[in-house]
Structure formats: structure tokens, C-alpha cells
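An overview of the molecular structure
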Amino acid sequence: MFSLVKIVISAIMIGIVTEVARRFPTFGGAIAALPLVSLLSLCWLYVQGEPTKRLSEFAFGVLWGLPATACLLLIVALSLRASFPLALSIGLGVAAWRLFLAIQKLMAHS
């Protein structure tokens, strides 16, 4: 039952963000950039009894992924501006995201 509650609340939040984005794209983008998923995930983990150490590790994991996510969004935005199809734009963004994370990991282990 708890999983269903998490899914419904998360879906409602996504629905609200997309409706705002339809009417006000820039404002919708700013709302989407808020760490809603990260904060919701932290709350769900906390409610499920995860220890504080695990919550902290999760938060640092989110921070680790931020630069790659910024790269993904930049590639998608530039591709769409260049009139690439959405699927191709997302594919290029995901490929750049994966490459960025791999390079970041190599640099961290150097």
C-alpha cells in the first residue's frame, strides 16, 4: 500500500510540473529543476526507516550526478533548438550523460 501512495504522490507532482510548464515554459523548467525527486526520495527513505548515514550517502550521490545531468539537459536543449527530433535529442543527452559520468569516475580514481 505504501508503494502505491509513493507512486500516486510522485505522479501528481510530475503532473503539476508538466501543467505549469505547458502554460509557462520557463517557470515550469525552474520548478522542474528544483530537487523535488531528490527531496521526495529522501522523505520516502526516511519514512521507510533508512539510517541517517544512508540518507547522507544518497544526498552525496545526487550531488555526484548533478554535473552530468546539467550536461544532459544542455545537449537536449541545444539539439531541440537545432530542430533535432525529441527522441534523438534525448538519446544524445543520455549518451553525453553516461560519457560525463564515466569521465568523472575516471578522474575521481586518478
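Figured I'd write up the structure that's included with this text.

The rules behind these values
- Residues numbered from 1 in each chain as written.
- Predicted model: local features only at pLDDT ≥ 70, side-chain atom pairs only at ≥ 80, totals over all residues.
- Heavy atoms only, no water.
- 1 Å grid on protein atoms, 1.4 Å probe; cavity = no way out; pocket = protein on both sides within 12 Å on 5 of 7 lines; lining within 4 Å.
- Points joined across faces, edges and corners; volume = space filled by probe spheres on them.
- Helix = DSSP H or I, 4+ residues; strand = E, 2+ residues; numbered from the N terminus.
- Axes fitted to C-alpha atoms, helices over the stretch in contact; angles between N-to-C directions.
- Parallel < 35°, antiparallel > 145°, perpendicular 65-115°, else oblique.
- Contact = heavy atoms within 4.5 Å.
- Nonpolar A, V, L, I, M, F, W, Y, C, P; charged D, E, K, R; others polar.
- Phe/Tyr/Trp six-rings, centres within 6.5 Å; stacked < 30°, edge-to-face > 60°.
- Buried < 20%, exposed > 50% of the residue type's maximum accessible area, 1.4 Å probe, protein only.

**Focus on the layout of surface pockets**
Approximately 970 Å³ is the volume attributed to the largest pocket. Taken together, 29 residues make up the lining of the largest pocket; nearest its centre are A32, A33, L34, V37 and T69. Broken down by secondary-structure element, the contributors of at least two residues to the lining of the largest pocket are α1 (2-23), α2 (25-33), α3 (36-47), α4 (52-81) and α5 (86-108). A per-element tally of the lining of the largest pocket places α4 first, with 9 residues.

**What to know about the packing of α1 against α2**
At a closest axis distance of 6 Å, the pairing of α1 and α2 adopts a crossing angle of 155 degrees. What the angle tells us is that α1 and α2 run roughly antiparallel. In contact with V17, V20, A21 and R23 of α1, α2 contributes P25, F27, G28, I31 and A32. Grouping the amino acids of the contact of α1 with α2 by side-chain chemistry returns 7 nonpolar, 1 polar and 1 charged.

**A closer look at the packing of aromatic side chains**
Under the criterion given, the structure shown has 1 aromatic pair. Consider the rings of F2 and W44, whose centres lie 5.6 Å apart with planes at 85 degrees: the pair is edge-to-face. Of this pair, F2 sits in helix α1 while W44 sits in helix α3; the two residues are 42 residues apart in sequence, bridging distant segments of the chain. Classification of F2 as partly exposed rests on a relative accessible area of 31%. Residue classification places W44 among the buried positions, given a relative accessible area of 16%.

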